[in-house]
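# Notes for the structure review
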Amino acid sequence: MSPHTFFSGQPLPLAKMAAYLNRPIQSLDHHPKLFHLLQQERNSVLSLAADDNNIYTGSQDGQISVWDKSTFKLKASLRGHTGSILALEYAPDKHWLFSASGDSTIRVWNTRTHTPLYLVHPHLETDSGDLFSLVWCSQLQTIYFGCQNTSLQWFSFSILTLEHASFGISLPSDGSIHSGTSTPTSTSRKAHKFFDSYPQYTRRPADLNARNPTCASCLPTSTSTSTTLPNPSVSGLVTPPHDGCVQSDQIKAPLAVLQVPSECVAFSAHYGYVYCMALLPSNREGSDDVFHEDTHDGRLQLVTGSGDSTVKLWQLPSGRTQDAAPQLLHTFDCNVGAVLALAVRGDTVYAGCQDGLVKVWDLETRTLVRRLLVVENVDILSMTMLHSDLFVCSANGDIQRWSAAFDLVGSWRGHEGIILSSIITRIPVTDSTEEQNNEKFTLVTGGNDDMIKVWEVAPPRSDRHALSELSRFSDATDISKSINDILVFALTKFVGIPSVSNSPAHKEDCRQAAIWLRKCFTQLGAEASLLPTGETTNPLVLATFDGTRTAAHRPRVLFYGHYDVIPARPTGWTSDPFVLAGRNGYLYGRGATDNKGPIMAVACAAADLLARRALGVDLVLLIEGEEEAGSGGFADAVRRHKDAIGHIDSILVSNSTWIAEDTPCITYGLRGVVHCNVEIANDGPDLHSGVDGGAAREPMLDMVKLLGTLTDESNRVVIPKFYDHVRPLTEDERQLYKVLSSVTQTPASLLAARWREPSLTVHNVEVSGPRNSTVIPSKVRAHISVRIVPDQDLESIAASVQEHIRNEFSRMKSLNKLNVSIDQTADWWLGSLDDPWFHALESAVKDEWGVDPLRIREGGSIPSVPYLEKEFSCHALHLPMGQSTDQAHLPDERISLSNLRRGKRVVERFLANVASNPASSITPPAPA
């Protein structure tokens, strides 16, 4: 596809476009203020760049216009290219401007004097074709560029060797070449295979002496023109000669002509033109990425986009090996059409494609996390970032603004033509009260309507889930703070991310929560990474705190938690559920007790021990993002990455609360669960009860009768053999329930029924139709669950529930149809009270709180606990941190600040106990 051939199309109506968004648009900035308008006569604006004082525009005629940011007047024109200016790149550390052209050259300009510095020829020169994209890496002092011949090339300016440069250009004493002089015969311009060729019969190779009557051959392409405007009386100008192909302005030659060596080429980097590229972390103006000068840690990466529908991720070399080739790390397939624009932020790459979609890729997990529909089948030609917001420019002239949560927050017609380029840059303002530092952000766009438009835009508000605010807990954080301060600080940030796993509107929030948590764990001293669980499920966060290496064998403890939360409707909350609020010794916010508070307590416990050189175990944190939505993809991901997790000696969980306010507890048992869907329907439509009542076999009546067969009058489950394998109540348990009854003022029989007896619940009954009192629904669906206990077999119970329902429905002789399915299952879990791991935890609780902890069970289920215990063949332990009034899953969820801090200390004591008794790490698990 030619770089200047694009599809046409019309924008979708806003109402139709909203159907593709995650959540309703509350307010849309249809048209930001147009701050200023610039015009290039009869010249499309193909590329843009800016420095502190100027805006640079690359045009179709090979000219670079220099516009003053203060006055918006044209102050200079840079000439020298003989082809369209396809890309511009500003190097602020050098005060250089790079320009790439369709004439197969790159020119380097001094932005202070607007004079040429270098002319760079790519390897193979004109055979490289058009040069579409540029990126300057200041750490490596290297320019990277993408070519029409599918190659990726680079040139390092750290050391200019005579092997790669030609300095011997013969110039007049004033350093200028005046119009009318002959083309230099040095290597300042390379011979063109076509324009500088001889007749074929001469069998002579092309050289600069071939005077073919073409403008390209007459023009000394090594020379560059810098015309200062608007003063026409610049010294050195001479009367133009009669040859119209020779320019009449003062022409200055570059200081050197440089050649890209063959070792600085990645041939066939793509299978298509390399249209775009970006550096990671981003160094663009408007980016909020943290850019590090140290290049020895492998942080520098390059992404390239191509006409072959792929985005490629390249690892750039360290600071000592600037000339080393980038190493291909991964290829992302965008499937349809060319990748024409790229933007990056943190670990996220945005790929603007020919099909009108922006494909959003997560670099950590290598997964496609979102597709943003901009305008269907209309090329996306330019994109740029302002902090967390993405500006997308399309070939139909539209501009859209997307938030970090992938909401469309702005849409307007920017140009009456194709938008070809865009940048974010600051401009000075005269009113010091208007903006901080007397500057404001602007979006500059250029199109084929010859217009350059400067739009006044503001950075996104730092709302609670903006990554720009959350990512500040990174390398810039002062780790010298006390761990307790970090605990509350980190929990404040963590709760501020609405990571609701069962809501599509919060899909990106969940991913950002995982990214933030990985960065947080890294800052606390762990080796952390993200593990993908599937295209539709949230990633796992894996972090390992390595203990001291003096011991021959270090026990390895796995802590399991989840960073996702359930929705928080605003009604019933005293304060914003996603802003951590402290009141009367409690921290309020969704996830404070379930499960973000305990996660941060455990991580900070490991960090505290690590800082004191007292971490005698390896602590592995495995935090999932789908627990509240059924743990989809969790088991497969753990099996797939079991080698990365490593050997595990024991599992620690903290995902429940005490049974009272003042007495600490240890949970040693959970019930399992079988979720079952039952549907009864007929093939007909919904009916009117006044017309067909009594004549039709109603699915609702069948459902009521069927559900009534599941339990008897005393609420016992009547499914055959349901109670056959329930473990009998022992005398020790009976005495334990008496103690717990006295503490909680709850009858022992009720505690036993909640914790150690199986149960069956009908959760809801849904019907087709409008649900009014005159309609006979044609379809009725019920959701039931069965809680199971030791020693019931999960699969046997699930099968017997389905069999019982089918048998009872068959006895009804109904004409309706039955469908029964198992939606979700989780096995029961019962810990061992006699092994050293349990005693180490019990001792830690007692030492911290000064009392023996209560041994309790829970009536709920955590699917991952029994799975992890079986997968790693080791015991699991469950340490509740919160109190019984913590309101988990309810409005005003909270956790006591004292419980949070003392829970952290309990974990420290437990890890210390385990480290002092290495024999416990090899104790085999007791049989279930």
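Structure: above.
A separate point is the nonpolar core. Grouped together as the largest cluster of nonpolar side chains are 61 residues, with contacts concentrated most on F521, M600 and F910. When residues in this core are grouped by element, the largest group, 10 residues, is from helix α6 (residues 596-611). F521 has contacts with A526, A528, V541, A543, F545, I599, A603, L621 and I623, leaving out every residue within four places of it along the chain. Core analysis: the next-biggest nonpolar cluster, separate from the first, contains 45 residues, C334, V360, V375 and V392 among them.

This part takes up the packing of aromatic side chains. Applying the stated rule across the entire model yields 23 aromatic pairs. Relative to W136, the ring of W96 lies with its centre 6.2 Å away and its plane at 55°, an arrangement referred to as tilted. With W96 in strand β7 (residues 96-101) and W136 in strand β10 (residues 131-137), this residue pair connects regions lying 40 residues apart in the sequence. Both residues of the pair, W96 and W136, belong to the buried class. Consider the rings of Y560 and F634, whose centres lie 5.7 Å apart with planes at 70°: the pair is edge-to-face.

Residues spaced three or four apart along an α-helix face the same direction, because each turn holds 3.6 residues. Compared with the 20 Å implied by 1.5 Å per residue over 14 residues, the 20 Å span of helix α14 (residues 836-849) between its first and last C-alpha is a close match. The complete set of buried residues in α14 reads W837, F838, A840, L841, E842, A844, V845 and E848. Among the residues of α14, the N-terminal cap falls to D835, whose side-chain oxygen and the backbone nitrogen of W837 are separated by 2.9 Å. Positive backbone phi, at 80°, marks G850, one or two positions downstream of α14.

Our next topic: the pattern of salt bridges. When their charged atoms lie close together, side chains carrying opposite charge are able to pair. Within this structure, the stated rule accounts for 39 salt bridges. The shortest N-O distance in the salt bridge between R612 and E908 comes to 2.9 Å. Here the residue R612 occupies a position in the loop between α6 and β39 (618-624), and E908 occupies one in helix α16 (residues 897-916), the gap between them amounting to 296 residues. Overall, the relative accessible area of 10% leaves E908 in the buried class. The salt bridge partner of E848 is R902, with a shortest N-O separation of 3.0 Å.

With antiparallel pairing, the four strands of this open sheet are ordered in space as β19-β20-β21-β22. The open sheet is flanked by β19 (274-280) and β22 (327-333), the only strands paired with a single partner. Between one strand and the next, the sheet's axes are offset by a mean angle of 20°, whatever the strand orientation. In this structure, strand β21 (residues 310-315) lies alongside β22, joined through six bridges in antiparallel fashion. Its bridge partner being in β22, V311 is matched across the sheet by F332.

Turning our attention to the environment of D564. By secondary structure assignment, the location of D564 is in the loop between β36 (556-562) and β37 (581-583). The class of D564 is buried, set by a relative accessible area of 0%. Each C-alpha atom, one on D564 and one on G625, is 4.8 Å from the other, the two residues being 61 residues apart in sequence. Non-local contacts of D564, meaning those with residues more than four positions away in its chain, are made with S499, S501, E624, G625, E626, E627, E628 and A629. One polar contact links the side chain of D564 to the main-chain amide nitrogen of E627, over a distance of 3.1 Å.

The rules behind each value
Residues numbered from 1 in each chain as written. Predicted model: local features only at pLDDT ≥ 70, side-chain atom pairs only at ≥ 80, totals over all residues. Heavy atoms only, no water. Core = buried A, V, L, I, M, F, W, Y, C linked by side-chain atoms within 4.5 Å. Buried < 20%, exposed > 50% of the residue type's maximum accessible area, 1.4 Å probe, protein only. Helix = DSSP H or I, 4+ residues; strand = E, 2+ residues; numbered from the N terminus. Contact = heavy atoms within 4.5 Å. Phe/Tyr/Trp six-rings, centres within 6.5 Å; stacked < 30°, edge-to-face > 60°. Expected span 1.5 Å × (residues − 1). Polar contact = N/O pair within 3.5 Å; in protein donor to acceptor, adjacent residues only side chain to side chain. Salt bridge = Lys/Arg side-chain N within 4 Å of Asp/Glu carboxyl O. Pairing = 2+ DSSP bridges. Axes fitted to C-alpha atoms, helices over the stretch in contact; angles between N-to-C directions.

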